Amino acid sequence: MEMLYNSESFVVVRFDTPGREPGTGAGGFEIVDKFARKEIYLQGALAERFEQGVQQLVQQGPSLESLDDYIAGFADAAQQTVVLH
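Residues numbered from 1 in each chain as written. Predicted model: local features only at pLDDT ≥ 70, side-chain atom pairs only at ≥ 80, totals over all residues. Heavy atoms only, no water.

A. Structural view of the environment of Glu2. Tracing the backbone through its elements, the reader meets Glu2 in strand S1 (residues 2-6). Through-space distance from the C-alpha of Glu2 to that of Arg14 is 5.2 Å; in sequence the pair is twelve residues apart. Apart from residues lying up to four places away in sequence, Glu2 is in contact with Val12, Val13 and Arg14. (Helix = DSSP H or I, 4+ residues; strand = E, 2+ residues; numbered from the N terminus. Contact = heavy atoms within 4.5 Å.)

Here it is in structure tokens:
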């Protein structure tokens, strides 16, 4: 598990599948929307699409606003409520 992004609005964490090389597309990403208090887990083709989009933004030298806007497009599908223990 590796925290990749933490803004006022979102947290993005990468989970790699045990026994597989990190960064090989095995595993997925958890996105937590701090304001909506919901989370979504992306895996498979959707996780790959998310990662490719982030990499393209990083190459362009993104602002925090552009990263948050991109992440929001995936977080909008979040259904799981975040529960604090």
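Additional details are given in the paragraphs that follow.
B. Structural view of the layout of surface pockets. Its boundaries defined by the atoms lining it, the largest pocket holds a volume of some 200 Å³. When contributions to the lining of the largest pocket are tallied by element, the ones reaching two or more residues are S1, strand S2 (10-16), helix H1 (44-60) and helix H2 (64-75). No other element matches the five residues that H1 contributes to the lining of the largest pocket. For the lining of the largest pocket, the residue count by class is nine nonpolar, one polar and two charged. (1 Å grid on protein atoms, 1.4 Å probe; cavity = no way out; pocket = protein on both sides within 12 Å on 5 of 7 lines; lining within 4 Å. Points joined across faces, edges and corners; volume = space filled by probe spheres on them. Nonpolar A, V, L, I, M, F, W, Y, C, P; charged D, E, K, R; others polar.)

C. Representation of the packing of H1 against H2. Where H1 contacts H2, the axes come no closer than 11 Å and their chain directions differ by 170°. Compared by their axis directions, H1 and H2 come out roughly antiparallel. Contact residues: H1 offers Leu46, Arg49, Phe50, Gly53, Val54 and Leu57, while H2 offers Ser66, Leu67, Tyr70, Ile71 and Phe74. A class-by-class count of the residues in the contact of H1 with H2 yields eight nonpolar, two polar and one charged. (Axes fitted to C-alpha atoms, helices over the stretch in contact; angles between N-to-C directions. Parallel < 35°, antiparallel > 145°, perpendicular 65-115°, else oblique.)

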